[in-house]
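Architecture at a glance
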Amino acid sequence: MLAKEAIASLAAGLQRRLGRAGGPRLEEWARMHGLGRAGDPTRAIAVQLALDAVARAILYRRYVGEPPSPLSFSEAADAVAAAASSGALRAHALDELLDEVLDAGYRGEFVRAALAAAARYGREDAAADELGEAYEELVPSAERRRLGQFFTPAPVADLMAEYVLGGGARLRVADPAVGTGRLLVRLLLRARDPSGLELTGVDVSPLMLTLAAANLSFFADLRSVRLVLGDMFGAEELLRASDAIIANPPYSRHHELAPEYKRRLQEKLRRLAGVSLSGYTSFFGYALVYLSALLREGARMSFICPVEVFEAGYGDEIKEYLARSRLLERVVVFDESSFVFPYAENAVSVLFVSKGSPKDVYFIKVREMPASSGELTRLLGVADEGVFGWFSVRRVR
């Protein structure tokens, strides 16, 4: 079991040294991730470094062998990338920062502690995404807002996975904002035959891909999983080839997006979907239209985002596109009182989208989480309207 205290302890030791090292590399990483909003950015970066070190140690043990001493994290990363045939796992800025920050007097102590934490991380920890839990608990939400990093709770992830798995026994499934890999792990856990799944994970953060790889390595051979470092909007052909998409896109608001970037997204959606979105559209609004437009006949998607996509003014164009395209099958809205996302600020909705024949749309509101998380999957088969204890159903023809 990975104790969050172990990550916090590793981070504390690193933070004391970050002020004396890092320089431009540290500043660039902080800028790219929008760090520093909740105070000194070195606190959040220290946590990221600690998680990166533990994840690298997990992967090294699983794909290369016992880590050498002294350990170079950059060299360890490249060794894992070669063994796992995954270029996305090559050394990145955090690995270089670790090697720079760890002076001779502290390196041995730090490496031993990181290796000990990695040794305690097992299959059950990966299933529960303890790495992601530590990240959300130790990095303030304000520091995660630039990249919109809020991870899906396991019961909701299971609901999303169950819908995707209904598309067939052999599926090419893509997660375009893979984060710590939680959604893909839940897919593997719920699949009757995990070997029938061909998985792809895309993310803009090299740290997230490293954490995802560490979790996924307990359930799949990483040599058969495609991990891609980049923006989902640059992975159009890869996503279009998928049989299913499962997505918790970044919760970044419109003011977090650079004007030029927004312009490119607007142009892309005009081309793909014939939709002109407002400059006030949040990232997940662009992602919803984009991913829906890429679905081929028979493909399906589970997509989670704040309920504001249906309530905000900018959402009118999105709703019209979904209605016109006859894509929506079900929408499950989790009331704020259900505490589905303990670190997010709004009620959330899960959209179940399929490219197929026209159908009725079921709007389901969950007022409180059921006693058993497995009960959530009942919502995929509900066909009657009414109030049913912890949820209610309305059908729109």
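Computed from a prediction, not measured in an experiment: that's the story for all the values here.

**A closer look at the pairing of strand β5 (residues 300-306)**
β5 sits mainly inside the fold: seven of its seven residues count as buried. Taken together, the four bridges between strand β4 (residues 244-247) and β5 define a ladder with parallel strand orientation. Along β5, the bridge assignment pairs Ile245 with Met301. Across seven bridges, the pairing between β5 and strand β7 (residues 348-354) is antiparallel. Residue Met301 lies in a different strand from β7, and its bridge partner there is Val353.

**Overview of the nonpolar core**
By size, the foremost hydrophobic cluster in this structure holds 104 residues, and its most contacted members are Leu14, Phe110, Val173, Leu187, Leu197, Ile246 and Phe334. With 15 residues, helix α3 (residues 41-63) is the single largest residue contributor to this core. Residues within four places of Phe110 in sequence aside, it is in contact with Leu10, Leu14, Ala53, Phe73, Leu98 and Leu102.

**Observations regarding the pattern of salt bridges**
Under the counting rule described, the total for this entry stands at 25 salt bridges. Between Arg190 and Glu162 there is a salt bridge; the shortest N-O distance is 2.7 Å. Taken together, the residues Arg190 in helix α11 (residues 182-190) and Glu162 in helix α10 (residues 154-165) connect sequence positions 28 residues apart. On the basis of relative accessible area, Glu162 is assigned to the partly exposed category, the value being 29%. For the salt bridge of Lys319 with Asp316, the shortest nitrogen-to-oxygen distance reads 3.6 Å. With Lys319 and Asp316 both in helix α17 (residues 315-325) and three residues apart, the pair spans about one turn of that helix. One salt-bridge network, held together by shared partners, links Glu236, Glu237, Arg240, Lys268 and Arg271.

**Considerations on the sheet that holds strand β2 (residues 197-203)**
Strand pairing within a sheet occurs via backbone hydrogen bonds; the two strands may be parallel or antiparallel. Sheet architecture is open: ten strands sit in the order β3-β2-β1-β4-β5-β7-β6-β8-β10-β9, paired in mixed fashion. The open sheet has two edge strands with one neighbour each: β3 (226-229) and β9 (386-388). Recorded for the sheet is a direction-independent mean angle of 20° between the axes of neighbouring strands. Alignment of strand β6 (residues 328-334) against β7, held across six bridges, turns out to be antiparallel. Paired with Leu328 across the bridge in β7 is Val353.

**Brief notes about the side chain of Thr42**
Checked against the element boundaries, Thr42 lands in helix α3. In contact with Thr42, not counting residues within four places along its chain, are Gln15, Leu18 and Leu26.

**Section: helix α8 (residues 130-138)**
For α8, the buried fraction is high: seven of the nine residues fall into the buried class. Within α8, the full set of buried residues consists of Glu130, Leu131, Gly132, Ala134, Tyr135, Glu136 and Leu138.

**Describing the pairing of β4**
Alternating residues of β4 divide into Ala244 and Ile246 and Ile245 and Ala247, and every residue in both groups is buried. Sheet analysis places strand β1 (residues 171-175) next to β4, joined by two bridges and oriented parallel. Following the sheet pairing, Val173 is matched in β4 by Ala244.

**Digging into the environment of Leu10**
You can see Leu10 is positioned in helix α1 (residues 4-18). A relative accessible area of 4% means that Leu10 is categorised as buried. When the C-alpha atoms of Leu10 and Ala46 are compared, they prove to be 8.1 Å apart, with 36 residues separating the residues in sequence.

**Section: α10**
Helix length check: α10, at twelve residues, gives a terminal C-alpha distance of 16 Å against a target of 16 Å (1.5 Å per residue), a fit within 8%. The buried count for α10 comes to nine of twelve residues, which makes it a mostly enclosed element. The complete set of buried residues in α10 reads Val156, Ala157, Asp158, Leu159, Met160, Ala161, Tyr163, Val164 and Leu165.

**A few points about the side chain of Arg107**
Secondary-structure assignment places Arg107 in helix α6 (residues 104-120). Those residues within four positions of Arg107 in sequence are excluded, and the remaining contacts are Pro70, Leu71, Ser72, Leu98, Asp99 and Leu102.

**What about unusual backbone geometry?**
A positive phi is found at Ser85, a non-glycine position, where the angle reads about 50°. Mapping Ser85 onto the fold places it in the loop between α4 (73-83) and α5 (93-101). If you check the backbone angles, Asp129 has positive phi at about 50° while not being a glycine. Taking relative accessible area as the criterion, Asp129 reaches 1% and is therefore assigned buried.

**A look at the packing of α1 against α8**
Where α1 meets α8, the closest approach of the two axes is 10 Å, and the angle between their N-to-C directions is 55°. When the interaxial angle is binned, α1 and α8 end up oblique. Pair α1 / α8 crosses with right-handed handedness. On the side of α1, the interface is formed by Lys4, Ile7 and Ala8, while α8 contributes Glu130, Glu133, Ala134, Glu137 and Leu138. When the residues that make up the contact of α1 with α8 are grouped by side-chain class, the tally is four nonpolar, no polar and four charged.

**Describing the environment of Ala244**
Within the secondary structure, Ala244 is located in strand β4. For Ala244, a relative accessible area of 1% corresponds to the buried category. Sequence spacing of Ala244 and Arg172 is 72 residues, and the spatial spacing of their C-alpha atoms is 6.4 Å. If we ignore the near neighbours within four places in the chain, the residues touching Ala244 are Val164, Arg172, Val173, Ala174 and Arg300.

The rules we used
Residues numbered from 1 in each chain as written. Predicted model: local features only at pLDDT ≥ 70, side-chain atom pairs only at ≥ 80, totals over all residues. Heavy atoms only, no water. Buried < 20%, exposed > 50% of the residue type's maximum accessible area, 1.4 Å probe, protein only. Helix = DSSP H or I, 4+ residues; strand = E, 2+ residues; numbered from the N terminus. Pairing = 2+ DSSP bridges. Core = buried A, V, L, I, M, F, W, Y, C linked by side-chain atoms within 4.5 Å. Contact = heavy atoms within 4.5 Å. Salt bridge = Lys/Arg side-chain N within 4 Å of Asp/Glu carboxyl O. Axes fitted to C-alpha atoms, helices over the stretch in contact; angles between N-to-C directions. Expected span 1.5 Å × (residues − 1). Parallel < 35°, antiparallel > 145°, perpendicular 65-115°, else oblique. Left-handed = near helix turned anticlockwise from the far one by under 90°. Nonpolar A, V, L, I, M, F, W, Y, C, P; charged D, E, K, R; others polar.

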